[in-house]
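Residues per chain are reported as follows:
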Amino acid sequence: MCCAVSEQRLTCADQMMLFGKISQQLCGVKKLPWSCDSRYFWGWLNAVFNKVDYDRIRDVGPDRAASEWLLRCGAMVRYHGQERWQKDYNHLPTGPLDKYKIQAIDATDSCIMSIGFDHMEGLEHVEKIRLCKCHYIEDDCLLRLSQLENLQKTVLEMEIISCGNITDKGIIALRHLRNLKYLLLSDLPGVREKENLVQAFKTALPSLELKLQLK
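Overview of the structure. (Residues numbered from 1 in each chain as written. Predicted model: local features only at pLDDT ≥ 70, side-chain atom pairs only at ≥ 80, totals over all residues. Heavy atoms only, no water.)

**Quick word on the sheet that holds strand β5 (residues 182-186)**
Here is step 1 of the chain: Strands sit in the order β1-β2-β3-β4-β5-β6 across an open sheet of six strands; the sheet is mixed. Single-partner strands in this sheet number two, and they are β1 (76-79) and β6 (209-213). Taken over all neighbouring pairs, the strand axes of this sheet differ in orientation by 10° on average, direction set aside.
Here is step 2 of the chain: Both β1 and strand β2 (residues 102-106) contribute to a ladder of four bridges, which runs antiparallel. Bridge pairing in β2 places Val-77 opposite Ile-105. (Pairing = 2+ DSSP bridges. Helix = DSSP H or I, 4+ residues; strand = E, 2+ residues; numbered from the N terminus. Axes fitted to C-alpha atoms, helices over the stretch in contact; angles between N-to-C directions.)

**As for the nonpolar core**
Here is step 1 of the chain: With 48 residues, the main nonpolar core has Leu-131, Met-158, Ile-160, Ile-171 and Leu-174 as its most contacted residues.
Here is step 2 of the chain: The biggest single contributor to this core is helix α5 (residues 62-72), with four residues.
Here is step 3 of the chain: Those residues in contact with Ile-160 that lie beyond four places of it in its chain are Leu-131, Leu-142, Ile-171, Leu-174, Leu-184, Leu-185, Ser-186 and Leu-188. (Core = buried A, V, L, I, M, F, W, Y, C linked by side-chain atoms within 4.5 Å. Buried < 20%, exposed > 50% of the residue type's maximum accessible area, 1.4 Å probe, protein only. Contact = heavy atoms within 4.5 Å.)

Shown next as C-alpha cells:
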C-alpha cells in the first residue's frame, strides 16, 4: 500500500528524471550480469530510448524533445548562443520552450538509431552534427536526415567517423544538405567508391570542403 501511494505521487517531471538516471546507469554497463544474449536486450532497450513520443514533441516543442532523446541515448547538444555542451539528462535547462535552440549535436558513442530521427523534424537551428562510433547509425539515418527540409537549410558542418554500417548510399544522400560547407568522412569501411563521392559532391555542392580519411 505504501509503495502504491509513493508511485502515485510521482510527477511527470519525476518520472522523466528517474528515466534519465536509469538510462545513464544502463549505458554505463558493458556486460549484462546474466547469461542471456545481451545483443538482443540492448537492441530492445535502445529501441525504447529512441522511440518517438509525438505528444511530448507537441507539449514541450521539438528542441526540448530532441534534447531529451539525444541525451537519453548518450549524445550531447549545444544550444544557440552557448559555449557549454549539455550532456546530463537530469540537468537540462528549464524555462520558456522557445529559449533553447539546438545548434550542434555530438552523438559520439551514442545509441541513436533511425527510428528516433523523427525527433529532428522540427529543429530549425542545427548547424553542426557529429556522428562518431555510432554503432546503430545506418544509411537510412542519413537518408532521413537529408530529407528534412529544415536541416537541408541549416546544417553547415558534418563529421562521420567510425560508423561501420554506413555505405556510399548513405553518404551520397548528404548532397541534399544544400548549405553544407564542411564534411569529414573518416574510418568508414563501408564507403568504397571514393572517386564517385568526390565527383557527386563537387557537382551538387561546389563550395563544400570534403575531407576524406578513408582506406
